[in-house]
Amino acid sequence: MLTSSQTSNSIEQLEQRLDDFRTRFAKLSTEIQRAIVGYDDLITDVLVSVFSQGHVLLEGVPGLGKTYLVKVLSQVLGLTSGRVQCTPDLMPADVLGTHIVGDDETGRRSFRFEKGPVFHNLLLVDEINRATPKTQAALLEVMQEHNVTAGGESFPLPAPFFVLATQNPLEMEGTYPLPEAQLDRFFFKLQVPFPNADSLVEISNRTTRFDEPELNVVMEAAELTEYQELLTHIPVAEPIVRYAARLILATHPEQSGADSQVSRCVSYGASPRGMQAIIRGARAFCALASRTAVSVEDIRKAARPALRHRIILNFEGEAEQVSVDALVNDILTTVPTPAKDAA
Amino acid sequence: MNGSPFNDVARRAIQRISLARWFEALASSALVVFPLLAALALVGWLTNVSALRIGVWQGVAVVAGWIVLTGLWTRRRRPDAVSALALWDERTGRDEVFTSALCFESLPEPGLAEQLHLRRATQQLAAAEPQLKQDLPAPLRYQAWLLPIAVLVLVAVIPAQPASTGEQIVDQAERERALEASEELARQAELDHIETAGLDEEEKDKLKELEDALKESTERLKELEEGESARDVLSELEAMAHEAEKLSEALEGDSEGLSSEMIAELERHADTTDFGSALRSEDLGDVADEAEAIEDRLKDKELSREEEERMEESLRKAMKKADQNDKQTLAGKELEEALQRLTKDQPKQAAKNFENIARNALQKQQRQLAQQQLKQLAQQLRKAGQQIFQNKQGNGGQGIQKLAQLKAQGLKPLQAGQQVQIAMPNGQRGQNQGMPVALGQPQPGNQKPGAMIPVPGQPGQGQPQGVVPGTGQGQTPVPGAGGAPVPGSGGSPVPGSGGAPVPGSGGAPGAGAGVGGLQAGTGSAGYGNTATKAMEAKKQGTVQGVMNSDGESMVREIDPSAHREEAGRDYQQRVAELLRLEEEALADEPLPASRRLQVLQYLTTLRRQLVDQQPDE
């Protein structure tokens with residue numbers, strides 16, 4: 001048991017570490033912005049996801065720099081990165097790896113497992129919705145278990161491990177929508193917005209030159225892992241957790257008191273994994289805001305990207321092209337906060 | 001960390017929030033409660049319904065109850081500590097710092113991160129706590145205090161003002177007089193003094209009911225509340241008086257007097273002289289005594305045959321003089337039966353007949369006494385009303401009299417001595433002919449003078465007294481008395497009526513031209529050859545005079561131009577109707593039969609002369 005002085009020192013250390021985290025985060029963000037124009041919120045959300053040990057699904061029209069963002073990210077974080085360009089003929093082995101026949105050191109022929117691109121800290125899965133469901137399913141274990149099982153043998157993936165997948169919302173031909181089970185494994189789903197005029201001008205200035213900016217490694221993998229562990233210590237008070245739980249329940253149409261729009265247009269709501277994503281993401285947002293305990297605002301900030309891909313619309317919702325973001329906004333408006341009981 | 005500072009501040013936050021909610025509840029409920037209360041108070045004042053009247057103390061009680069109830073409701077819905085601090089955090093943009101601190105404070109072993117948060121939150125609390133009241137204001141909106149005060153003032157003011165309907169409210173002096181009157185009436189309420197020997201069971205029950213009602217009213221008079229209306233009290237007293245009068249009228253029996261010829265015959269014989277005299281004097285006590293005397297004589301063992309035969313002879317001759325009516329009366333039947341028994345030589349049985357006559361006379365006497373006592377009671381009740389409200393105008397002091405007058409001014413009964421004026425058409429058609437005849441009321445202007453026909457009988461006595469307005473005479477004609485003035489005819493008496501006035505017989509202004517001018521025809525016209533331009537009627541109308549218990553109907557027009565009016569019914573119809581009404585009213589008058597017959601004959605003569613007579617053109 002720590003003495004009070006030890007406790008006090010520890011508290012100060014904790015405080016210092018949180019301050020360091022904010023500083024490093026800001027530096028990371030700045031470094032990334034040297035290569036990526038605009039997208040400040042997007043970069044923050046991606047970094048929050050990274051620090052929360054979550055996988056990210058980036059959705060945007062082609063040419064917005066989704067792939068470049070992941071590449072930049074891997075550079076500044078000093079992480080090894082792999083890339084998978086999904087095509088309809090992509091096989092699971094192309095992602096995970098496969099056994100091949102090779103010569104061992106004695107010169108004898110033997111099977112050895114050739115690791116696939118998944119064996120990197122950061123895996124970029126481009127246009128994931130182009131891969132067949134079979135290949136998509138190969139990522140399920142990878143994303144959840146962080147290891148690959150092949151030929152009865154389990155191969156752990158390097159830590160930290162992130163999957164950053166991209167998908168194009170426009171094309172319907174030749175695409176395979178991700179199943180709900182796989183969607184649920186993504187921590188955040190982030191919309192990559194189309195840049196505004198100023199951003200476009202800046203993009204042109206920066207990216208049409210012959211050379212690309214050289215990016216520095218701001219954080220190594222070990223440091224990243226430490227900060228990931230630090231964020232898990234940020235406390236969440238019970239009323240705040242209850243508020244997050246009410247948000248999750250409000251996405252389910254069968255729950256009593258559900259919003260009328262939810263009841264009408266939603267087939268299935270967010271799972272407990274969504275709750276985890278909200279809490280973990282809220283911790284990161286809390287630390288970034290120099291707070292020492294998660295607040296309702298942090299929960300709301302994390303709720304939007306965490307719930308966006310976890311609310312499954314029914315036929316009526318899809319026919320009416322109901323916006324899930326609008327549903328989430330309605331839920332955030334209607335679900336009472338802890339202060340509402342006293343208001 | 002010592003103590004639980006966040007718990008303490010949470011309690012304070014709860015108090016502030018509860019206070020704010022209570023004030024809000026007061027303000028929002030005041031907008032409903034007090035307009036309703038004010039409306040009730042106004043309705044109670046306007047309609048004078050005592051159940052809706054709200055006094056100051058009731059108003060204060062409502063305000064106190066409203067405050068308490070809203071307080072209880074607010075207390076029931078007070079927030080918990082977490083919600084209270086969360087609201088405070090939200091209002092100040094603190095992002096649930098204190099809310100989380102409250103939760104971490106209660107942890108048995110807070111971790112380092114929780115302790116870090118508590119440390120920071122405690123530093124913030126020191127600066128934030130003094131701002132608690134400012135951050136959680138509890139404003140008292142003006143509706144919460146202004147409306148109750150306004151309504152209290154309203155209910156305090158209202159009883160001081162008379163009700164808008166013109167009802168007059170009992171004041172303190174009247175309450176005192178009511179108390180005095182109630183003491184007097186309490187003595188009267190014991191109706192033991194009323195003779196009940198002659199009453200049957202049903203009449204005794206009615207008397208008992210009257211007694212109970214009287215006692216109740218007496219009690220009510222004692223507890224007369226300030227603010228009650230005079231009308232309620234007067235109405236109650238009048239109702240009691242009316243009940244007493246009704247009972248009195250019910251006790252009135254048929255006057256079954258024997259004809260004067262029969263009585264004269266009884267008087268002619270020595271054995272029945274006193275009995276006959278008693279019958280003629282209509283003194284029931286004497287009748288009973290004399291009948292008992294005859295009964296004793298007939299029962300006497302020493303009654304001689306001669307006496308018996310003399311009695312028989314007296315009765316026989318008396319029965320010969322009896323007419324059909326006499327034989328229908330109880331006395332006539334008993335005398336006839338006594339005669340038959342005496343004829344059969346049964347004096348003792350005949351004595352029983354005289355016993356019956358005596359008993360019946362006694363019973364009647366008792367009923368008469370009870371009747372008079374009830375009438376007196378009615379008068380005393382009315383007098384009590386006058387005594388209580390002696391200063392009141394309008395419906396007050398004269399209220400109960402007016403109530404009685406209103407009843408009296410119905411078709412029946414007419415009061416003896418009341419003057420009746422009949423319009424006399426003096427050959428001038430179009431001049432307000434056909435105006436309804438007022439019963440004892442002055443007629444509007446321009447009415448042709450008419451004769452005053454007195455109602456026979458003195459008020460309560462049968463002898464008319466009164467002034468014939470317009471003539472300066474101090475005495476109305478008395479049927480059978482002779483010498484009455486006859487308008488237009490110089491005072492010639494009407495045959496059979498003893499000089500009743502004959503209206504309209506000479507065309508001259510008749511007596512009693514009290515309405516429409518004392519004298520007619522006093523205008524002057526200039527001399528000359530120029531013919532008076534005939535007036536052309538600009539307007540024609542028919543006036544239907546209607547008379548009912550509410551009084552006469554009137555038509556009043558203001559028209560600058562000359563107009564012609566024609567009566568909807570002619571003079572004869574009007575007079576015939578009047579006479580009919582008088583005859584019907586006569587039936588209810590407590591007149592002896594002989595007098596009633598006399599008046600009927602008088603009215604019959606009038607009818608013959610007035611209805612059958614052609615009107616003068």
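As the structure is a prediction and not an experimental result, all values here were calculated from the model.

A. Structural detail: the packing of aromatic side chains. Evaluation of the coordinates by the stated rule reveals 13 aromatic pairs over all chains. When the centroid spacing of 6.1 Å and the interplanar angle of 75° are considered together, the rings of Phe113(A) and Phe119(A) count as edge-to-face. Comparing Phe113(A) with Phe119(A), the two get one shared label, buried. The positively charged end of Arg94(B) is found above the aromatic ring belonging to Trp88(B), 4.5 Å away from the centroid.

B. Local environment of the environment of Ala270(A). All names here are of chain A. Within the secondary structure, Ala-270 is located in the loop between strand 10 (266-268) and helix 11 (272-288). For Ala-270, a relative accessible area of 2% translates into the label buried. Expressed as a C-alpha distance, the spacing of Ala-270 and Thr-251, which sit 19 residues apart in the sequence, is 6.2 Å. If sequence neighbours within four positions are ignored, Ala-270 has contacts with Ile-248, Thr-251, His-252, Leu-307 and Arg-310.

C. View of the interface of chain A and chain B. Chain A puts 30 residues into the contact, and the matching count from chain B is 23 residues. Carbon and sulfur atoms make up 63% of the surface buried where chain A meets chain B, a total of about 2,100 Å² over both sides. Taken as a group, Ile11(A), Thr292(A) and Ala342(A) account for 25% of the area that chain A buries against chain B, more than any other trio of residues on that side. The residue Arg120(B) makes a salt bridge to Glu15(A) at a minimum N-O spacing of 3.1 Å. Taken together, chain A and chain B are joined by five residue pairs in polar contact (both at pLDDT 80 or more).

D. Structural context of a nonpolar patch on the surface. Residues Leu140(B), Tyr142(B), Trp145(B), Leu146(B), Ile149(B), Val153(B) and Val157(B) make up a contiguous nonpolar surface patch of about 670 Å² in total accessible area. By relative accessible area, Leu140(B) is classed as partly exposed at 43%.

E. Representation of the nonpolar core in the model. Ranked by internal contacts, the top residues of the largest apolar core, which has 109 residues, are Phe51(A) and Ile299(A). The leading source of residues in this core is helix 11 of chain A, at nine residues. Counting 30 residues, the second-largest nonpolar core is a separate cluster that includes Ala278(B), Leu284(B), Ile294(B) and Leu342(B).

F. Representation of unusual backbone geometry in the model. Residues and elements named next belong to chain A. With an omega of -10°, the peptide bond between Ala-159 and Pro-160 qualifies as cis. Phi angles above zero are rare outside glycine, and Gln-53 is one such case at about 65°. The residue Gln-53 is located in the loop between helix 2 (40-51) and strand 1 (56-59) in this model.

G. Representation of the pattern of salt bridges in the model. All names here are of chain B. Under the counting rule described, the total for this entry stands at 46 salt bridges over all chains. The salt bridge partner of Glu-201 is Lys-204, with a shortest N-O separation of 4.0 Å. Of this pair, Glu-201 and Lys-204 both sit in helix 9 (residues 201-222), separated by three residues, roughly a single helical turn. Its relative accessible area of 54% is what places Glu-201 among the exposed residues. Note that Glu-245 and Arg-382 form a salt bridge whose closest N and O atoms lie 2.8 Å from each other. Of this pair, Glu-245 sits in helix 10 (residues 230-251) while Arg-382 sits in helix 17 (residues 347-388); the two residues are 137 residues apart in sequence, bridging distant segments of the chain. Assessed through its relative accessible area of 25%, Glu-245 is described here as partly exposed. Given a relative accessible area of 13%, Arg-382 falls into the buried group.

What counts and how
- Residues numbered from 1 in each chain as written.
- Chains lettered and ligands numbered in written order.
- Predicted model: local features only at pLDDT ≥ 70, side-chain atom pairs only at ≥ 80, totals over all residues.
- Heavy atoms only, no water.
- Phe/Tyr/Trp six-rings, centres within 6.5 Å; stacked < 30°, edge-to-face > 60°.
- Buried < 20%, exposed > 50% of the residue type's maximum accessible area, 1.4 Å probe, protein only.
- Lys NZ or Arg CZ within 6 Å of the ring centre and 35° of its normal.
- Helix = DSSP H or I, 4+ residues; strand = E, 2+ residues; numbered from the N terminus.
- Contact = heavy atoms within 4.5 Å.
- Buried area = accessible area lost by both parts, 1.4 Å probe.
- Salt bridge = Lys/Arg side-chain N within 4 Å of Asp/Glu carboxyl O.
- Polar contact = N/O pair within 3.5 Å; in protein donor to acceptor, adjacent residues only side chain to side chain.
- Patch = residues over 30% accessible without salt bridge, like charges linked within 9 Å, V, L, I, M, F, W, Y side chains within 5 Å.
- Areas by Shrake-Rupley, 256 points an atom, 1.4 Å probe, with all protein chains shown as cover.
- Core = buried A, V, L, I, M, F, W, Y, C linked by side-chain atoms within 4.5 Å.

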